[in-house]
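Structural characterization, general
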Amino acid sequence: MLEYYGKIYYLHTTGEYMSLKTSIEWTEHSWNPITGCDKISEGCKNCYAEKLSHRLHAMGQPKYKNKFQLTLHENCINEPLRWKKPSKIFVCSMSDIFHKDVPFEFIDKIFNTMKLANWHIFQVLTKRSDRLLEYSKRVVWPKNVWAGVTVENDTNIYRINDLLQVNCNVRFISFEPLLGYIPYIDLNGIHWVICGGESGANARPMDVTWARHIRDMVKRQNVPFFFKQWGGTNKKKTGKLLDGQEWFEYPKI
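Residues numbered from 1 in each chain as written. Predicted model: local features only at pLDDT ≥ 70, side-chain atom pairs only at ≥ 80, totals over all residues. Heavy atoms only, no water.

Thoughts on unusual backbone geometry
Here the bond from glutamate 176 into proline 177 is cis, since omega is -5 degrees, no more than 30 degrees from zero. Mapped onto the elements of the fold, proline 177 is located in the loop between strand 10 (171-175) and strand 11 (192-196). For cysteine 92, which is not glycine, the phi dihedral falls at a positive 60 degrees. Relative to the helices and strands, cysteine 92 is located in the loop between strand 7 (88-91) and helix 2 (104-116). Judged by its relative accessible area of 2%, cysteine 92 falls in the buried class. (Helix = DSSP H or I, 4+ residues; strand = E, 2+ residues; numbered from the N terminus. Buried < 20%, exposed > 50% of the residue type's maximum accessible area, 1.4 Å probe, protein only.)

Considering the layout of surface pockets
Roughly 180 Å³ of internal volume is contained in the second largest pocket. Taken together, Asp108, Phe111, Asn112, Lys115, Tyr135, Val139, Val140, Trp141, Pro142 and Lys143 make up the lining of the second largest pocket. In terms of residue count, the dominant contributor to the lining of the second largest pocket is helix 2 (four residues). (1 Å grid on protein atoms, 1.4 Å probe; cavity = no way out; pocket = protein on both sides within 12 Å on 5 of 7 lines; lining within 4 Å. Points joined across faces, edges and corners; volume = space filled by probe spheres on them.)

Next comes the structure, spelled out in structure tokens:
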């Protein structure tokens, strides 16, 4: 039985839920061998994953028995190996793979699966760029794994400097939720940029000039640009058009 909760579809099988498809526009599937997290910056304030975790817990979903407490799911490690259709997969959409309390040994298992499932593209997005960089120095980064950082305002631009030191094929930045003006950034070494506003009941507004500035900066440097949404309390109403156009570009790999 296929069920939909907020941003993620689940297939109910043998008492467990296996994530199949997500409504997050820039990816296709989500894979959550880790759930739960802690707030570390302004972008975390209205975390959709936290709200969804509590809903899933209330519905009796076994994977979320700990609600939004950090939880490692050993039984989910090999899931992508069973997904035969090549897909873009968002890794740990309900957590952060580089959370300080996730042992590198567990991350090693995740990376081993991603390496073996080389018909997929795995999108690893983190706010913990320091740990991303630390981990990248101990592994050979698989070619099918993209590395990205979230930069929600100008106080977190340092994450891009960490990202640029990761030896991978595709590096990307997610300016979502965009909470302030981002000054000019040299995007040499960056292969993709996502931009979007916060959505939900307590969504903080995104100024149109912030989004335009990022788009113009990105396009001047010939980097693919993906505008996800305006967000707000009703994201369907505000839509995905920036100056009358959809921007759904991906890295050319």
